[in-house]
Amino acid sequence: SPLLYINSCTCNLIYLCITDANKSPMSTFRNLKTCIIYYKYFLKTQMLIIAVHVSVQSFAEIGPLVKKEVGYIQIHSSSVLLFIFLNSNKLKKALVFLFFFSDLISVITANSVDPDTIFANNEMSLRDIEIYGFDYDYTLAFYSSHLHTLIFNIARDILVTNHRYPEGLRKYEYIPSFAVRGLHYDVQKALLMKIDAFHYIQLGTVYRGLHPVPDEEVIAMYEGCHVPLEIMSDFYGKSSHGHTMKQFMDIFSLPEMTLLSCVNDFFMRHNIDYEPVHLYKDVKEAIRDVHVKGIMYRAVEADIEKYICYGEQSHAVLKKLSAQGKKMFLITNSPFDFVDRGMNFIVGKDWRDLFDVVIVQADKPSFFNDRRKPFRRVTDKGVLLWDRIHRLEKGQIYKQGNLYEFLRLTGWRGSKVLYFGDHIYSDLADLTLKHGWRTGAIIPELRKEIKIMNTPEYVHMMTWLQSLTGLIEQMQVHRDPTSRAVVEEWIKEREAMKPHTKDIFNAQFGSLFRTYHNPTYFSRRLSRFADIYMASISCLLNYDFQHTFFPRRTPLQHEASYWPDKTQRLNDLNHSFIYLILFSSACHILK
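Residues numbered from 1 in each chain as written. Predicted model: local features only at pLDDT ≥ 70, side-chain atom pairs only at ≥ 80, totals over all residues. Heavy atoms only, no water.

### Comments concerning the packing of aromatic side chains
Between two aromatic rings, the relevant description is the distance of the centres plus the angle of the planes. Evaluation of the coordinates by the stated rule reveals 33 aromatic pairs. Ring centres of Tyr136 and Phe338 lie 6.0 Å apart, and the angle between their planes is 85°; on these two criteria the pair is classed as edge-to-face. Remark: Phe338 occurs in helix 12 (residues 336-346) and Tyr136 occurs in the loop between strand 8 (131-134) and strand 9 (142-143); sequence separation between them is 202 residues. Its relative accessible area of 2% is what places Phe338 among the buried residues. Between Tyr425 and Phe529, the aromatic rings sit 6.4 Å apart at their centres with planes inclined by 70°, giving edge-to-face as the arrangement. With Tyr425 in helix 14 (residues 424-434) and Phe529 in helix 18 (residues 521-529), the pair connects residues that are 104 residues apart, well separated along the chain. On the basis of relative accessibility, which here comes to 1%, the residue Tyr425 falls in the buried class. Among the residues examined, Phe529 registers a relative accessible area of 2% and is labelled buried. (Phe/Tyr/Trp six-rings, centres within 6.5 Å; stacked < 30°, edge-to-face > 60°. Helix = DSSP H or I, 4+ residues; strand = E, 2+ residues; numbered from the N terminus. Buried < 20%, exposed > 50% of the residue type's maximum accessible area, 1.4 Å probe, protein only.)

This is how it looks when you write it as C-alpha cells:
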C-alpha cells in the first residue's frame, strides 16, 4: 500500500518504515528488496528514505544480502547510521536506509562515560606495580577555586607595588572561567592561544588581552595557522633558547594566564605603549614570588579548610595501598611545613608512617636530570643537617637530591614503579622517557569535561556533526552543479557548528583535549608521557590490585572503516535524535 500511494503522488520526499516485528530477517529483506526494485524502475521522487528497525542479529544476516542486491553502494557509518546511496551519481535520486538497532536502545540511552574511570594510553597491570610514588599539589592535595583567586590577587598587587604598574590594575578580579590549561602564549606578540597536536592554531581561540583576535589578523601575523617548531616552547613548555612560545601546563598557571590577559587588556584600553616581553617576565616573576617567598603557603596554612578539598579520598587511597603492603614515596617541590600542614589535614599526624621516603623542595624537573644535587636531611623544625646520606629512611624528611641518587639508594627501578603527578612535563616526561617508570597523570579538568560530554546537548551536536562530515566525505566526488550546491550547504553548516563544539566546554578556548576534530597539543603530550590518566587519585578506589588497564583499540585511519565494536559507537546517540538526523539529512538533500 505505501508503494501504491507513492505511485499516485507527486512529491519530493518519501519516508517508509520497515520493522522486523516477527524477528524474521528474511521477511525484512524481502521488504527491502521490493523497495529497491520499485525505486530502480518506477520511483520519480527526489529522495526515498527507508528506516529499518532491526535487531543486531537481523542486520548481520540481511546486510550482505542488501549489498549483493544493490550491487554498488556507498556506506557511511556513524554510530547506528548506515546511509546507503543507490545510483549515487545522481544525488537528487537517493535511496537512504537507516538501520536502527531496536535491541540496543537501552545501550544508546544508558551508556555514558564514568568520570571516575581510569583511562589507559598504554597497557599496564597493577599486579606488576610494587612501588607507588606521588606528587603533592593537585595529586594528593586538591585545592578549591579560592586558591587561584588568592594567587591572582597577590601577584597583581606585587606588580603594582614592586614593579610600579598602574594602580588601575587593582580593579581587575580573577576570572575562573577564562583560561584552560595547556594554552600557548606568544611572548613577543602578547597572544594567548590554543594549538593542536600538529602545531596549528585553533582559530577563534587567539586572545589579546581579554578579547579575541579576528581570524584574518591571526592568519596575517603567522602567515597561516601553522606555528613552526623553532618558535614553539621547549621540551618543558618554557620560552627559552629562542623559543618565543610558552606553554602553560601547570594548574597553578591558570591565574598567571588570567593576569597576563588582564594587564594586556588594561594597557590596550588605555592606549599605553608597552613591551610585551617585559610584561611577560614581570608577571612570571610576580607569580614566582607568590610561591617562592612563601606568601601562598602561609595563607593556605592559616585557613586550610578553605583551600584543601577531597582530603578523605586521598586518605582512603593511601590506606588501601598500605593495607596491600605497597611501598610509597612522595616527591614534591613544596616545602616541608606546607606539606606537613596539608597532610595532617588530609591523613592525620601519622601521615609519615604511610610513606617509605618523603622528599620536599625537590626542584622538579631538575630533580630528574641534574646529578649534582645531593640529598639533605631536614628535621621536624626545618633545620638542615649536613651529614652524608647513605640510605633513605622511613620517617625522615629529605630535601632536594636527584633521581639518580634516589635510584641508587632505593633500587626502585623500571616498570614496577608507578608515579602520579599533575604536570605532564615536570612530573612525568623524564620518568617515562629516561627511566622506564610507569606514569599516571592527574587531570582534575577531566571530570567536568566528561560530565559535559554526557549531556544530551553534546551528544546530539557531535552525532550530527559526525554525520555531516561523513556525508560530505562520501558525496564530494559528485561534480554536477546540484550535487555541489548540496555539499556546499553541508560544509557551511559544519563550519557553523564548530564554535558550538568549543563553547560548550569554555567560551574562549574550548576543551582541554580537542581543537575541533584534532587533539590539542596538551593531549598529544598526555598520550606520550602518561601510561594512564584520571580525574583524581581517588579513581584508584574503583579497581583492585590485579586489574589490567587496556587502551581502547580504535582503528587507524588506513584500517577498515567497519570496526567490530559497534556498541561503543552507540554511546553517542539517544533514541529521539536518530529521527532528527534522518529528517535533517533529507532537508539538506532537498535543498
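### Remarks on the environment of Met497
The topology assignment puts Met497 in helix 17 (residues 481-503). The buried category is assigned to Met497, whose relative accessible area is 11%. Taking the C-alpha atoms as reference points, Met497 and Tyr516, separated by 19 residues in sequence, lie 9.9 Å from one another. What Met497 contacts, discounting residues up to four positions off in sequence, is Met461, Trp464, Leu465 and Leu468. (Contact = heavy atoms within 4.5 Å.)

### With respect to the packing of helix 5 (residues 145-162) against helix 9 (residues 295-302)
Direction vectors running N to C along helix 5 and helix 9 enclose 140°, while the axes themselves pass 11 Å from each other. In terms of their interaxial angle, helix 5 and helix 9 are classed as oblique. Our pair here, helix 5 against helix 9, has a crossing hand that is right-handed. For the pair formed by helix 5 and helix 9, the contact residues are Leu147, Leu150, Ile151, Ile154 and Ile158 on the first element and Ile295, Met296, Ala299 and Val300 on the second. Tallied by class, the residues present in the contact of helix 5 with helix 9 amount to 9 nonpolar, no polar and no charged. (Axes fitted to C-alpha atoms, helices over the stretch in contact; angles between N-to-C directions. Parallel < 35°, antiparallel > 145°, perpendicular 65-115°, else oblique. Left-handed = near helix turned anticlockwise from the far one by under 90°. Nonpolar A, V, L, I, M, F, W, Y, C, P; charged D, E, K, R; others polar.)

### Some details on unusual backbone geometry
Going from Lys364 to Pro365, the amide bond is cis rather than trans, its omega being 5°. Along the chain, Pro365 falls in the loop between strand 17 (357-360) and strand 18 (375-378). Positioned with a positive phi, His199 is a non-glycine residue whose angle comes to about 70°. As for its position among the elements, His199 is in the loop between strand 11 (191-193) and strand 12 (207-208).

### Describing the layout of surface pockets
Roughly 1,500 Å³ of internal volume is contained in the second largest pocket. Lining the second largest pocket are 48 residues, with Asp250, His291, Val292, Asn333 and Lys364 positioned closest to its centre. Per element, the largest residue contribution to the lining of the second largest pocket is 6 residues, and it comes from helix 8 (residues 276-292). Looking at the lining of the second largest pocket, its residues break down into 17 nonpolar, 15 polar and 16 charged. (1 Å grid on protein atoms, 1.4 Å probe; cavity = no way out; pocket = protein on both sides within 12 Å on 5 of 7 lines; lining within 4 Å. Points joined across faces, edges and corners; volume = space filled by probe spheres on them.)

### Topic: the sheet that holds strand 18
Read from one edge to the other, the open sheet built from 9 strands follows the order 6-24-21-20-8-16-17-19-18, with strand pairing classed as mixed. Pairing within the sheet leaves two strands with one partner each, and these edge strands are strand 6 (119-120) and strand 18. The sheet contact formed by strand 18 and strand 19 (residues 397-400) spans 4 bridges and is antiparallel. Note that in strand 19 the partner of Val378 across the bridge is Ile397. Strand contacts of helix 14: strand 20 (417-421) and strand 21 (438-442), with the helix running at about 165° to strand 21, the strand carrying the most contacts. (Pairing = 2+ DSSP bridges.)

### Points about empty space enclosed by the protein
Throughout the structure, instances matching the rule amount to 1 cavity of 30 Å³ or more. Space inside the largest cavity adds up to approximately 40 Å³. Forming the boundary of the largest cavity are Leu126, Tyr132, Val317, Lys320, Leu321, Leu540, Tyr543 and Phe545. For the lining of the largest cavity, the element with the most residues is helix 11 (residues 311-323), which contributes 3 residues. Across the lining of the largest cavity, the residue classes break down as 7 nonpolar, no polar and 1 charged.

Everything listed here is a matter of coordinates, which is why it stays silent on function.
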